[in-house]
Amino acid sequence: VQLQAYGGGLVQAGGSLRLSCAASGLTFSSYNMGWFRQAPGKEREFAAAISGSGGRTYYADSVKGRFTISRDNAKNTVYLQMNSLKPEDTAVYYCAADRSWSAMVNINGLDYWGKGTQVTVSS
């Protein structure tokens, strides 16, 4: 199984970025997908999750209303649209896959992780 996240970069505060995570080697629609982030010196934290069908989403309070998670099961890809970015959103962003919804939102022993992509928001 491979999860490849991409789309990070440097953006000014108030700007937008869209992250993508391409999955291979798994039955994509059977997995909940999530985005997580880790800032320097901090623990990895949950950002957003989406169910296998795409019908259920969940967001951390810190990103609610600014970030939108979506998926295209035909392309085996999950997205994170990030708007109104703030300097505190600066982090390495990771995607992950798991069959358990509770494990996903609680970052509890997730099945698969991708390598991260750096997002830097300048003030």
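To keep things clear, this report deals only with the structure shown in the data block. The structure displayed is predicted, hence computed values, not measured ones. (Residues numbered from 1 in each chain as written. Predicted model: local features only at pLDDT ≥ 70, side-chain atom pairs only at ≥ 80, totals over all residues. Heavy atoms only, no water.)

1. Focus: unusual backbone geometry
Within the chain, S84 stands out as a residue other than glycine whose phi angle is a positive 50 degrees. Among the secondary structure elements, S84 is positioned in the loop between β8 (77-82) and β9 (91-98). The class for S84 is partly exposed, based on a relative accessible area of 41%. With a phi angle near 45 degrees, I107 is a residue other than glycine that sits in the positive phi range. (Helix = DSSP H or I, 4+ residues; strand = E, 2+ residues; numbered from the N terminus. Buried < 20%, exposed > 50% of the residue type's maximum accessible area, 1.4 Å probe, protein only.)

2. Considering the state of the cysteines
All chains considered together, the criterion is met by one disulfide. The disulfide partner of C21 is C95, and the S-S distance across this bridge is 2.1 Å. Note on the C21 and C95 pair: the S-S dihedral is about 60 degrees, so by sign convention the disulfide is right-handed. Pair noted here: C21 is in strand β3 (residues 17-24) and C95 is in strand β9, with a separation of 74 residues, a long-range link. Pair check on accessibility: C21 and C95 agree, each one buried. (Disulfide = S-S within 2.5 Å.)

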